[in-house]
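For reference, the chains in residue letters:
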Amino acid sequence: MSLLRIYPNILSTAAPATLALSGAVGAAVLLLLREIRSWWRLRHVPGPFWHAFSMYPMIKLTQTGRLSAILKDYGEEYGPLVRVGPNEVMFGDADTYRSISGVRSSFTKGPWYELSRMIPDQDSLFSMRDEAGRKELRAKLTPGYSGREGASFEPGVDKHVQMLVNLIERKYLSTPSDFRPIEFSHKSQYFALDVISYLGFGEAIGFLKNDSDMHHYVESNDAFFPVLAVVLNMPWLDRWLRMWPLSLALPKVGDEAGFGGLMGFAMNLVDKRLAPGAEPGDDMMQAHIRQGLTHKELAAEVFLEMIAGSDSTATAIRMTLLCLLNTPASLSRLRAEVDAAEAAGRISSPVIRDREAYELPYLQAVIKEGLRMFPPSTGHNYKEVPPGGARVCGYDLPGGTQVGVNIMRMMRDKDTFGGDADVFRPERWLDGTKDAEELHDMAATVELAFGHGKFQCLGKTIAAMELNKVIVELVRRFDFAVVNPPFPLRLWDAAFWVTNDFWLRVTPRA
Ligand code: HEM
């Protein structure tokens, strides 16, 4: 006999409350079991307690704007591998970085990368996770990035170094009676954006020419990255963000300003270049076209070039300059090296040649120290453990675990760089206290600021050329004074360093 016959009102009176209660208890038990299972998988990896259960602690830390510094402390406290989320761990050593990113590694990009997809349903090389697709696309893009297929990059970089110098001379030189401060964090971004657009599609966007934030790009960039950095802790949000109505909030071609405005600009250039009878260019875009990229692929890559190629390089320029201004002895030594080379005819004018810059050991040490102190990309770049699992830093990790890089831990490692690793000291590369093997280890670690192997930055040569030239041309021409010494600039760590208020008083060099 069924329960319903004995208690005919079972569903109409007491039952709804009981059913709801048992449903809630059931759901809570399932949730708890899921939490326990997820904690159990990586229970052997040390880390702060609450991080094992949700990404909420990481979200809170991201909102401080100093996540990479906090993670560096975690690395020091918990050891080589730290659990930072239910399925997320972070390593802080160079060997692990090289082994998981090596060309033969079976690690793949994790869902973290998907959030960087800017054009709906079209991956760029950065956002693409499929290994076979990445291999093919990377091979097609490499000739364009190497400058082999077209004019050399050097004249384009020189042109914009001169434009930056001219802009400073024209508008921002102070005299005792005329104070004309320059906000240098954005000017360095203008420079990087113009260089990469010029090399990328043959036309600078015009940030330097107009001394203006074209399409309000920099403003949107500064507002967007702190939000993106938080969202990057929840890659599963990607699917939701791309669905209506949330998708309405994403930047899109046709927007008047910001990323959407620049996307429109890029799309327009791609359309023009692919139009029947269009003149071929002598730039990266043309090299990509020759390699068979489709219209949509091109648009995604052009946009990636602008984002990947501007914030990163601008950070390297402005933070290296700040380190030099904070360390007068280093600035003097750099100038002495540049002056001596100039006097001996080893430096061209008006802009130093790239190969000449590599002959200046102190300059190279300054650039390495700048990248080390503030690695421009602080994104965690999570890679996924292959299905069979893997051993990382002595821990067995199950397939699917997300393994991120603790870049600050690596760049400030005292075993590699010495007890004063937190100090900007270019001399560490030159003072003879390290043997050849140690120097090689140091250099190989700093190189990792650009990633490694099958994931390594494709714009590394371009970025190095920009740094080689711009640092020399600024310090040989100008004196700089920080306008607000207690707070020389505002920094917000958001996968890139969002930087503001780097106010400088500039005068011709005394
Ligand atoms: C100082 C300047 C720069 C730094 C520190 C830097 C750093 C990085 C890093 C860390 C990655 C990711 C590695 C990974 O996923 O494991 C990356 C990827 C990338 N970067 Fe850069 N970058 C810089 C400048 C540039 C420039 C100027 C360009 C373009 C002209 C560029 C284009 C790219 C591209 C296309 C990728 C994707 C590579 C791939 O997924 O296979 N970067 N960069």
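Residues numbered from 1 in each chain as written. Predicted model: local features only at pLDDT ≥ 70, side-chain atom pairs only at ≥ 80, totals over all residues. Heavy atoms only, no water.

A. Fine view of the overall build of the protein chain. Of the regular secondary structure elements, the protein chain holds 21 helices and 12 strands. Whereas a compact globule of 510 residues would reach a radius of gyration of roughly 24 Å, the protein chain reaches 26 Å, a difference of no more than 12%. Expressed as a percentage of its 510 residues, the buried residues of the protein chain come to 52%. In the protein chain, the share of contacts with a sequence separation of at least 24, taken over all contacts with a separation of at least 6, comes to 72%. Carbon and sulfur atoms make up 59% of the accessible area of the protein chain, which totals about 22,900 Å². (Helix = DSSP H or I, 4+ residues; strand = E, 2+ residues; numbered from the N terminus. Rg over C-alpha atoms; globule rule 2.2 N^0.38 Å. Buried < 20%, exposed > 50% of the residue type's maximum accessible area, 1.4 Å probe, protein only. Contact = heavy atoms within 4.5 Å. Areas by Shrake-Rupley, 256 points an atom, 1.4 Å probe, with all protein chains shown as cover.)

B. Structural context of the site of the ligand. Of all residues adjacent to the ligand, which total 28 residues, the nearest are Lys-109, Tyr-113, Arg-138, Lys-383 and Cys-457. Between an oxygen atom of the ligand and a side-chain N or O atom of Lys-109, the distance comes to 2.7 Å. In this structure, Arg-134 approaches the ligand through a side-chain N or O atom, which is 2.9 Å from an oxygen atom. Top element by residues in the shell around the ligand is helix α14 (residues 295-326). It accounts for five residues. When the residues that make up the shell around the ligand are grouped by side-chain class, the tally is 16 nonpolar, eight polar and four charged. (Near = heavy atom within 4 Å. Polar contact = N/O pair within 3.5 Å; in protein donor to acceptor, adjacent residues only side chain to side chain. Nonpolar A, V, L, I, M, F, W, Y, C, P; charged D, E, K, R; others polar.)

C. Expanded view of the sheet that holds strand β3 (residues 108-109). Read across the open sheet, the five strands follow the order β1-β2-β8-β5-β3; overall the sheet is mixed. Lying at the two open borders of the sheet, with one neighbouring strand each, are β1 (81-83) and β3. (Pairing = 2+ DSSP bridges.)

D. Layout of the pattern of salt bridges. For the coordinates displayed, the defined rule picks out 33 salt bridges. The shortest N-O distance in the salt bridge between Glu-154 and Arg-353 comes to 3.5 Å. Pair noted here: Glu-154 is in helix α7 (residues 154-171) and Arg-353 is in the loop between α15 (328-343) and α16 (354-357), with a separation of 199 residues, a long-range link. By relative accessible area, which is 31% here, Arg-353 ends up partly exposed. Across the pair Asp-479 and Arg-335 runs a salt bridge, and its minimum N-O distance is 2.9 Å. In this pair, Asp-479 sits in strand β9 (residues 478-482) while Arg-335 sits in helix α15, placing the two residues 144 residues apart along the sequence. Three or more residues joined by partner-sharing salt bridges are found here, namely Glu-369, Arg-372, Asp-420, Arg-425, Arg-428 and Asp-431. (Salt bridge = Lys/Arg side-chain N within 4 Å of Asp/Glu carboxyl O.)

E. Region of the structure containing the pairing of strand β12 (residues 503-508). Bridging between strand β4 (residues 182-183) and β12 involves two bridges; their strand directions are antiparallel. Looking across to β12, one finds that Glu-183 is bridged to Trp-503.

F. Focus on the UniProt feature "binding site: heme" (unreviewed entry) in the protein chain. In this structure's numbering, the residues bearing the UniProt feature "binding site: heme" (unreviewed entry) are Cys-457. Positionally, Cys-457 belongs in the loop between α20 (436-447) and α21 (460-475). (UniProt positions renumbered as here; feature names shortened; annotations may be inferred.)

G. Quick look at helix α6 (residues 131-146). Here α6 contains 16 residues, and its C-alpha end-to-end distance of 22 Å stays within 8% of the 22 Å for a straight helix at 1.5 Å per residue. In α6, a bend of some 30° at Lys-140 exceeds every other bend along the element, and Pro-143, a proline, comes one to four places later. Every buried residue of α6 is listed here: Gly-133, Arg-134, Leu-137, Arg-138, Leu-141, Pro-143, Gly-144 and Tyr-145. Among the structural elements, β3, α13 (284-290), α14 and α21 are those in contact with the buried residues of α6. At the C-terminal side of α6, Gly-147 shows a positive phi close to 75°. (Expected span 1.5 Å × (residues − 1). Bend = angle between axes of the 7 residues up to and from the residue.)

H. Inspection of empty space enclosed by the protein at higher detail. With the rule as written, the count across this model stands at three cavities of 30 Å³ or more. Reported here for the second largest cavity is a volume of approximately 130 Å³. Within the residue set of the lining of the second largest cavity, elements represented by two or more residues are α4 (67-78) and β10 (490-494). Considering only residue class, the lining of the second largest cavity consists of seven nonpolar, six polar and one charged. (1 Å grid on protein atoms, 1.4 Å probe; cavity = no way out; pocket = protein on both sides within 12 Å on 5 of 7 lines; lining within 4 Å. Points joined across faces, edges and corners; volume = space filled by probe spheres on them.)

I. Highlighting the sheet that holds β9. As summarised here, the arrangement of the three strands in space is β4-β12-β9, forming an open sheet in which the pairing is antiparallel. The open sheet terminates on both sides in strands that have one partner only, identified here as β4 and β9. Relative to β12, β9 runs antiparallel, the two sharing five bridges. Counterpart to Asp-479 in the pairing with β12 is Thr-507.

J. Region of interest: the packing of α15 against helix α17 (residues 361-373). α17 packs onto α15 with a crossing angle of 140° between their chain directions and a minimal axis gap of 8 Å. With respect to α17, the element α15 is oriented oblique. When you trace α15 past α17, the crossing you get is left-handed. Where α15 approaches α17, its residues Ser-330, Arg-333, Leu-334 and Glu-337 are matched on the opposing element by Pro-361, Tyr-362, Leu-363 and Val-366. Looking at the contact of α15 with α17 residue by residue, the class counts come to five nonpolar, one polar and two charged. (Axes fitted to C-alpha atoms, helices over the stretch in contact; angles between N-to-C directions. Parallel < 35°, antiparallel > 145°, perpendicular 65-115°, else oblique. Left-handed = near helix turned anticlockwise from the far one by under 90°.)

K. Expanded view of the pairing of β10. As paired elements, β10 and strand β11 (residues 496-500) share five bridges and run antiparallel to each other. Looking across to β11, one finds that Arg-490 is bridged to Asn-500. Between β10 and β11, which pair antiparallel one after the other, the connecting turn spans one residue, and Ala-495 there sits at a positive phi close to 75°.

L. Just the nonpolar core, in detail. Grouped together as the largest cluster of nonpolar side chains are 122 residues, with contacts concentrated most on Ile-168, Met-306, Leu-334 and Leu-504. At 14 residues, the largest contribution of residues to this core is made by α14. With residues near it in sequence (within four places) discarded, Leu-334 still touches Leu-324, Tyr-362, Leu-363, Val-366, Ile-471 and Val-475. Counting 20 residues, the second largest nonpolar core, distinct from the first, contains Val-45, Phe-107, Met-411 and Leu-448. (Core = buried A, V, L, I, M, F, W, Y, C linked by side-chain atoms within 4.5 Å.)

M. Quick look at the environment of Asp-222. Tracing the backbone through its elements, the reader meets Asp-222 in helix α10 (residues 217-231). Taking C-alpha positions, Asp-222 is 45 Å from Val-25, a pair spaced 197 residues apart along the chain. Among residues more than four places away in sequence, those in contact with Asp-222 are His-186, Val-498, Thr-499 and Asn-500.

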